[in-house]
Amino acid sequence: MGELQLNIDAPDSGEVYFADIALPLPIPQLFTYRIPKEFLELLQPGIRVIVQFGRQKVVTGIIDNIHQNAPEVYVAKPILDVLDAEPVVTPEQTALMKWMAGYYMCTLGEVLNAGLPSGLKLSSESRIQLHPDRDWNDTDFPLDDRELILLHALDNNDSLTYREAADSLGLKSAYKYIKSLVQKELIIIYEEVKERYKPKKIKRVRLNPEFLTSEAHIEELFKTLEKRPKQTDILLRYLQEVPVYQEPEKNEQGIDKSIFNEGELSLSSLNTLIKNQIFESFEVIISRFGESTEQALKEVNLTDKQEAARDEILGHFQTKSTALLHGITGSGKTEVYISLIQDALDSGNQVLYLLPEIALTAQIVNRLQAVFGDRMGVYHSKFSDNERVEVWHGLLEGRFDFIIGVRSAVFLPFKQLGLIIVDESHENSYKQFDPAPRYHARDVAVYLAHLHKGKTLLGSATPSLESYTNALQGKYGLVELNSRFHDAHLPDIQIADIRSEKKKKTAIGDFTSELIGALKEVIEKGEQAIIFQNRRGFSNYLTCEDCGYIPECPHCAVSLTYHQYKNQLNCHYCGHKQPVPLVCPACGGTRIHTVGIGTEKIEEELKLILPEARIQRMDLETTRAKYAYQNIIHDFEKGNIDILVGTQMVSKGLDFDRVSLVGVFDIDRMIHFPDFRSLERTFQLVTQVSGRAGRRDVQGKVIIQTRDPDQGILRLIQNHQFLTFYQGEMFEREKYDYPPYTRMIYLLIRSKDKKLTNETARFLTNILKEDLGQKRVLGPQEPLINKIRDKYLMEIYLKIERKYKIEAVKDIIKAAQMELLKKKEFASVEVIVNVDPY
């Protein structure tokens with residue numbers, strides 16, 4: 001876009017228009033800018049503009065509304081440029097973002113920053129150019145050789161980036177010389193602002209149309225190239241691909257230049273033909289998601305039970321906007337979803353299908369693409385900025401009417417959204433924790449459907465207590481699918497006592513003989529197994545046997561996790577890494593050993609115990625690359641892996657024909673995690689991962705390792721008793737005033753000064769207790785990990801009865817925050833508000 005002139009003259013006299021603009025910055029309100037006359041007819045709500053914010057910052061903003069009211073407390077700066085001919089943000093998106101800002105107690109700018117793909121924002125790049133009012137050939141300043149080289153380079157170029165300037169000098173950095181020339185007023189620095197999104201282009205070639213006016217021209221061309229066999233081969237290859245006389249329009253489209261990489265064809269000969277104007281080279285913009293295919297789309301046939309569930313859901317949609325499909329694992333919920341999606345699309349509506357994990361999209365996308373083809377778009381965080389922008393534009397332009405994606409897909413620009421499906425709706429992955437907005441995609445989906453007058457279907461084998469309560473109370477429709485697809489058996493769940501086996505010395509390392517025996521049987525039969533452990537890394541931590549020293553993160557109050565494959569210690573909170581000590585830093589001893597066990601150590605031990613097995617790990621460490629999930633899942637589907645070891649990502653809705661065994665390595669750690677939802681999450685996770693076993697014609701087996709086989713929750717999991725679990729857990733929740741009987745708001749107070757953090761937390765707690773009462777305010781208290789990224793933490797929980805309006809409580813919190821702002825000593829302390837923190 002070139003250089004921006006930030007100091008624009010004042011507006012002419014006459015009518016002046018202004019625009020309120022949402023900026024992707026953590027500021028609590030819209031900013032008003034003056035509309036230059038030349039832009040007035042171009043602007044409407046939802047269009048992106050470039051504006052100056054502060055003295056130097058240039059940002060992308062979204063027009064909210066246009067009016068003639070000048071701001072009272074500041075002089076409106078002018079809009080610098082307009083980026084769109086048509087709105088890229090719809091009215092429904094704007095309404096959703098404003099609702100999220102209010103409900104989740106953050107700023108509209110934070111919501112906009114989260115919702116708008118980076119590719120739709122701007123980046124700026126510093127460039128240098130010769131000073132327009134100075135002649136460096138006529139300067140009194142002494143110039144050294146490198147300064148002269150740089151000035152000569154600028155003579156030959158309009159401008160240079162810092163990198164280009166350094167390259168012209170043959171240095172890593174040219175900053176010293178740039179600074180000197182700026183001080184001598186011989187060059188200036190400016191910011192070139194540009195859009196981040198760049199469409200994908202490919203190079204194509206076509207025959208110069210002048211040769212197509214008659215066949216004689218082609219014959220003459222062959223005679224001209226008679227003594228140039230390599231160029232003749234290029235021409236013949238092109239005519240094989242493009243029948244220029246039978247279908248002349250194909251010559252206009254040309255062919256991909258990469259075709260000439262085949263065989264013994266010479267690219268240099270092609271370039272000579274282009275240079276001699278026999279061929280023309282040009283670029284075309286293409287989709288990053290491949291060209292449309294003409295394959296026959298697959299039809300889905302429902303069983304009688306699935307058909308009945310579908311009809312029941314549609315019946316509920318006549319009177320309710322939300323329904324809950326409670327279907328056990330393997331009951332065929334996906335086929336019901338597909339049928340409902342087809343109905344919605346046939347009626348001219350758009351559909352959003354939400355999944356909790358990127359890992360799930362890898363497998364289900366293939367299934368859905370076979371049914372819906374190219375009308376389906378995929379949207380998740382592993383995609384590049386450019387890919388996400390293409391999905392955004394594809395939705396606006398009508399190329400996609402069905403989107404499958406993770407939680408961020410709720411921000412997409414739907415125009416006529418008729419149905420939202422939230423699969424595995426109980427999943428905690430739908431909750432965004434950091435940064436703001438700290439939203440729950442399940443709840444946002446319900447409100448988004450309301451804005452579009454559409455419907456929401458929540459699906460789960462283990463619904464959250466809140467969702468199931470809403471269904472039982474009639475707020476949601478409730479549909480049950482209590483049998484597996486084609487009446488397949490639920491898995492046989494067995495409890496293995498690791499403590500007892502260790503006493504008897506029958507355990508094999510950290511595995512019960514029962515689990516190892518079952519794994520051997522699976523491998524002998526040519527079947528597959530999944531081992532679930534909800535902790536990544538090799539071990540929890542290292543310790544010195546002599547003095548008890550445990551390496552801790554210097555920035556967080558947490559021990560470092562040992563990762564053997566990198567031979568380093570990692571902090572899973574701030575990312576700090578350090579090498580494994582050869583000797584104890586405290587006492588100098590050499591007896592350092594590991595404590596605890598993660599997925600990496602399980603993988604290693606199983607390879608030693610079962611050397612014939614092909615074992616693969618699937619956790620955060622092994623799935624960082626863009627297509628890592630897809631590759632692992634593809635290998636498992638194809639039978640190239642015998643045992644898949646993984647964290648909770650292996651528990652979520654994946655469907656594998658050959659899996660007959662699931663092992664839960666350590667259920668006790670989940671059960672005893674200090675959180676009021678620990679039993680609910682344990683029941684959900686173990687039920688879900690158990691559901692991966694025996695999903696076809698063979699009954700699966702699940703072995704759960706525990707040190708206390710008499711725990712009540714184990715029997716409920718073993719007997720698939722969701723309703724009994726629900727009733728018992730609801731009794732406890734009511735007794736201790738926890739959701740769903742109350743609403744919760746979590747306040748995190750943090751700063752680099754521990755004493756200041758504590759004082760701020762006490763001050764805030766006292767204000768809240770005065771207004772809300774002692775019973776509703778829990779804290780302040782230190783969290784389990786009281787220091788992260790060099791900041792000390794304190795926390796406060798608010799428990800509010802359902803009969804009270806949550807908006808009134810939020811107003812009290814805002815008032816308390818304002819009281820904090822009045823105290824200068826608390827100015828450096830952050831207060832983070834998390835509504836519905838679980």
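Above this note sits the structure.
In this report, we go over the structure that sits alongside the text.

Calculation rules
- Along each chain, residue indices are assigned from 1 in the same order as the chain's sequence is written.
- The model is predicted, so local features are restricted to residues of pLDDT at least 70 and side-chain atom pairs to those at 80 or more, both for listing and for counting; the totals for chains, interfaces and linings are taken over all residues.
- Hydrogens and water molecules were not included; the side-chain quantities draw on all heavy atoms of the structure.
- Using protein atoms alone on a 1 Å grid, points that fit a 1.4 Å probe yet trap it form a cavity, whereas open point sets bounded by protein on both sides within 12 Å along at least five of seven lines form a pocket; residues with an atom within 4 Å of a point count as lining.
- Grid points are joined across faces, edges and corners, and a volume is the space filled by probe spheres set on the points.
- Helix and strand assignments come from DSSP, with helices taken as H or I runs of at least 4 residues and strands as E runs of at least 2, each series counted from the N terminus.
- By convention, a stacked pair of Phe, Tyr or Trp rings (six-membered ring in the case of Trp) has centres within 6.5 Å and planes under 30 degrees apart, an edge-to-face pair has planes over 60 apart, and any other such pair is tilted.
- Residue exposure (1.4 Å probe, protein chains only): buried if accessible area is under 20% of the type maximum, exposed if over 50%, otherwise partly exposed.
- Whether a charge sits over a ring depends on NZ of Lys or CZ of Arg being within 6 Å of the ring centre and within 35 degrees of the ring normal.
- Here, a strand pair is defined by DSSP locating no fewer than two bridges between the strands.
- Each reported salt bridge corresponds to a side-chain nitrogen of Lys or Arg within 4 Å of a carboxyl oxygen of Asp or Glu.
- Here, the term nonpolar core denotes a set of buried Ala, Val, Leu, Ile, Met, Phe, Trp, Tyr and Cys residues that are joined through side-chain atoms within 4.5 Å.
- In this analysis, two residues are considered to be in contact whenever any of their non-hydrogen atoms come within 4.5 Å of each other.

### Focus on empty space enclosed by the protein
Item 1. Using the criterion set out here, one finds five cavities of 30 Å³ or more in the structure.
Item 2. Its volume calculated, the largest cavity comes out at about 110 Å³.
Item 3. Surrounding the largest cavity, His426, Glu427, Asn428, His440, Arg442, Ser464, Glu466, Arg677, Glu680, Arg681, Gln684 and Tyr838 form its lining.
Item 4. In terms of residues, the lining of the largest cavity owes the most to one element, helix 21 (residues 678–690), which gives three residues.

### Regarding the packing of aromatic side chains
Item 1. Overall, the coordinates contain 20 aromatic pairs when judged by the stated rule.
Item 2. With 5.4 Å between their ring centres and 70° between their planes, phenylalanine 511 and phenylalanine 665 make a pair best called edge-to-face. One end of the pair, phenylalanine 511, is in the loop between helix 16 (498–504) and helix 17 (513–525); the other, phenylalanine 665, is in the loop between strand 28 (659–664) and helix 20 (668–671), with 154 residues separating them in the sequence.
Item 3. Overall, the relative accessible area of 0% leaves phenylalanine 511 in the buried class.
Item 4. Look at phenylalanine 665 and you get buried, because its relative accessible area is 5%.
Item 5. Consider the rings of phenylalanine 676 and tyrosine 738, whose centres lie 4.4 Å apart with planes at 15°: the pair is stacked. Here phenylalanine 676 is found in the loop between helix 20 and helix 21, whereas its partner tyrosine 738 is found in the loop between helix 23 (722–735) and strand 30 (742–751), with 62 residues between them in sequence.
Item 6. Taking relative accessible area as the criterion, tyrosine 738 reaches 23% and is therefore assigned partly exposed.
Item 7. Here the aromatic residues Tyr468, Phe683, Phe722, Phe725 and Tyr726 are joined through ring pairs into a cluster of three or more.
Item 8. The positively charged end of arginine 206 is found above the aromatic ring belonging to phenylalanine 282, 3.9 Å away from the centroid.

### Structural notes on the environment of leucine 236
Item 1. Locating leucine 236 in the fold gives a position in helix 7 (residues 229–241).
Item 2. A relative accessible area of 40% means that leucine 236 is categorised as partly exposed.

### Quick look at the sheet that holds strand 2 (residues 31–35)
Item 1. As summarised here, the arrangement of the five strands in space is 2-1-4-3-5, forming an open sheet in which the pairing is antiparallel. Every interior strand has two partners, whereas the edge strands, strand 2 and strand 5 (81–82), have only one.
Item 2. Bridging between strand 3 (residues 48–53) and strand 4 (residues 57–67) involves six bridges; their strand directions are antiparallel. Within the sheet, the bridge partner assigned to glutamine 52 lies in strand 4 and is valine 58.

### What to know about the pattern of salt bridges
Item 1. All chains considered together, the criterion is met by 39 salt bridges.
Item 2. Between arginine 163 and aspartate 167 there is a salt bridge whose closest N-O contact spans 3.2 Å. Here the residue arginine 163 and the residue aspartate 167 both occupy positions in helix 4 (residues 162–169), the gap between them amounting to four residues, near one helical turn.
Item 3. Among the ionic pairs, arginine 591 bridges to aspartate 546, the shortest N-O distance being 2.8 Å. Here aspartate 546 lies in the loop between strand 21 (541–544) and strand 22 (561–563) and arginine 591 lies in the loop between strand 24 (577–579) and strand 25 (592–595), a separation of 45 residues in the sequence.
Item 4. Each of the salt bridges in this network shares a partner with another, and the network as a whole consists of Glu466, Arg677, Glu680, Glu729 and Arg733.

### With respect to the nonpolar core
Item 1. Judged by nonpolar contacts, the single largest core of 108 residues is most densely connected at Leu352, Ile704, Leu768 and Leu798.
Item 2. Of the residues forming this core, the biggest block, six residues, is contributed by helix 24 (residues 754–772).
Item 3. Sequence-distant contacts of isoleucine 704, defined by excluding residues within four places in its chain, comprise Ile493, Gln494, Ile495, Ala496, Val664, Ile667, Val686, Leu714 and Ile717.
Item 4. Among the nonpolar cores identified, the runner-up in size contains 30 residues, and Val351, Leu355, Val378 and Leu457 belong to it.

### What about the pairing of strand 30?
Item 1. Where burial is concerned, most of strand 30 is hidden: nine out of the 10 residues are buried.
Item 2. Two strands pair when backbone bridges link them, and strand 30 and strand 33 (residues 791–801) are joined in this way by 10 bridges, in the antiparallel orientation. Note on strand 33: the bridge partner recorded for methionine 744 is lysine 799.
Item 3. Note that strand 30 and strand 34 (residues 830–835) share six bridges and pair antiparallel. Following the sheet pairing, arginine 750 is matched in strand 34 by glutamate 830.

### A few points about the pairing of strand 14 (residues 376–379)
For a regular strand, the rule is simple: side chains alternate between the two faces of the sheet.
Item 1. Residues Met376 and Val378 line one face of strand 14 and the alternating positions Gly377 and Tyr379 line the opposite face, and both faces are buried.
Item 2. With four bridges joining them, strand 14 and strand 15 (residues 402–405) adopt parallel strand pairing. Bridge assignment links tyrosine 379 to a residue of strand 15, and that residue is glycine 405.

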